[in-house]
Amino acid sequence: MTENITAGSSASGTPSADDRYAGDPSVRAEWDNRYADRQQLWSGRPNGALVAETAGLTPGRVLDVGCGEGADAVWLAQGGWDVTALEVSGVALERAAGHARDAGVAVRWVHAELTRAELTPASFDLVSAQYPALLRTPDAAAERALLAAVAPGGVLLLVHHAGMVEQHPDENGFNPADYVWPSMVVALLDDDDDWEVEVDEQRPRLAPEGGAGAHHTDDVVLRARRLR
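Tell me about helix α4 (residues 90–103), and name the residues and values.
Here α4 is 14 residues long and its end C-alpha atoms lie 20 Å apart, about the 20 Å a rise of 1.5 Å per residue gives. The backbone nitrogen of V91 has a side-chain oxygen 3.3 Å away, supplied by the residue at the start of α4, namely S89. Trailing α4 by a residue or two, G104 shows a phi angle of about 75 degrees, which is positive.

Got a sec to walk through the packing of helix α1 (residues 25–36) against α4? Specific residues and values, please.
Relative to each other, α1 and α4 sit at 55 degrees, their axes nearing to 7 Å. Put simply, α1 runs oblique to α4. Here D32, Y35 and A36 of α1 lie close against α4, whose contacting residues are G90, V91, A92 and R95.

Could you give an account of the pairing of strand β2 (residues 61–65), with specific residues and numbers?
The buried fraction of β2 is high, at four of five residues. Here β2 pairs with strand β3 (residues 82–87) via five bridges, running parallel. Looking at the pairing, L63 lines up with T84 of β3. Here β2 runs beside strand β5 (residues 124–130); their pairing, made up of four bridges, is parallel. Looking at the pairing, V62 lines up with L126 of β5.

Account for the side chain of D72, naming residues and giving values.
Relative to the elements of secondary structure, D72 occurs in helix α3 (residues 71–78). Within polar-contact distance, the side chain of D72 engages the backbone nitrogen of N47 at 2.9 Å.

Lay out helix α5 (residues 141–149) with the relevant residues and their values.
Taken together, the buried positions of α5 are occupied by A142, E143, A145, L146, L147 and A149. Structurally, α5 contributes buried residues whose contacts are with β2, β5, β6 (150–161), α6 (182–189), β7 (195–204) and β8 (218–226).

How would you sum up the packing of α5 against α6? Please name residues and give values.
The N-to-C vectors of α5 and α6 enclose an angle of 65 degrees; their axes lie 10 Å apart at closest approach. Taken as axis vectors, α5 and α6 run roughly perpendicular relative to one another. Remark: the crossing between α5 and α6 carries right-handed chirality. Of the residues in α6, those in contact with E143, R144, L146 and L147 of α5 are M184, V185, L188 and L189.

Calculation criteria
Residues numbered from 1 in each chain as written. Predicted model: local features only at pLDDT ≥ 70, side-chain atom pairs only at ≥ 80, totals over all residues. Heavy atoms only, no water. Helix = DSSP H or I, 4+ residues; strand = E, 2+ residues; numbered from the N terminus. Expected span 1.5 Å × (residues − 1). Polar contact = N/O pair within 3.5 Å; in protein donor to acceptor, adjacent residues only side chain to side chain. Axes fitted to C-alpha atoms, helices over the stretch in contact; angles between N-to-C directions. Parallel < 35°, antiparallel > 145°, perpendicular 65-115°, else oblique. Contact = heavy atoms within 4.5 Å. Buried < 20%, exposed > 50% of the residue type's maximum accessible area, 1.4 Å probe, protein only. Pairing = 2+ DSSP bridges. Left-handed = near helix turned anticlockwise from the far one by under 90°.

And the structure:
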C-alpha cells in the first residue's frame, strides 16, 4: 500500500522542512539550482502523452516519477487518481504542493531519488515517468525500480524526447550515456512473460505551450503492462 511510504513523504500541503531527502545531495542541489533560477520552469499543464495514454485507464494508484512542479500530479488527482509524486528537488516540491493546494486536491509527496525511495513493491496501477532524468547504473537500478513499482495488471508509461540517446555530449556536461532511455527498459522486458509491451513508438509530441523542452517535436512512448 502507498501509505507505507516513509522516505521523505508528506501528505497534501507543503512538504515539511524536516522531511528526509533520500538520495544523492549533489543531485538534489543540481535540480534545486535549476528550479531556483526560474520562477516557473515548466508549462504548468499536463504532458500530452500522459493525457493520451491514460484516456482509457480506470483511475487507481499512480506514481508520478520526477513530478517537477506538479502539473501531471495535480491533473491526475483531479481525474480521480490516488497520486504519489516523487521528486529530487525540494524547490520543485514546494511549488507542486502549492499548485495542489490551490486546486484543492490531495497528493502524497515523496522527496527522494527513485532508487532510494521506500516504495512498496508492486503497489501502483500506473507508474508515469514523463521525460525523467534517471541516472544509468551498471545494474540497471532505475529501470528495475520503475518496473518493480507496477502492480500486476498495472501499466508503466515512460515518455522521453526522441533522438536524445543518439546525441553527443554537449558543452554543458550533458551526456546521454549517463541516463536511462525507453529502449533500455524495453531491453529488460524482452522475453519476460510477466510483461506485455503495448506501445513502443516514436510519434509527434503533444506539447503544452511554454516551459523548458518545448522545442522538442517528437516523443518516444513506451507503455507496458504487467501481466502478473
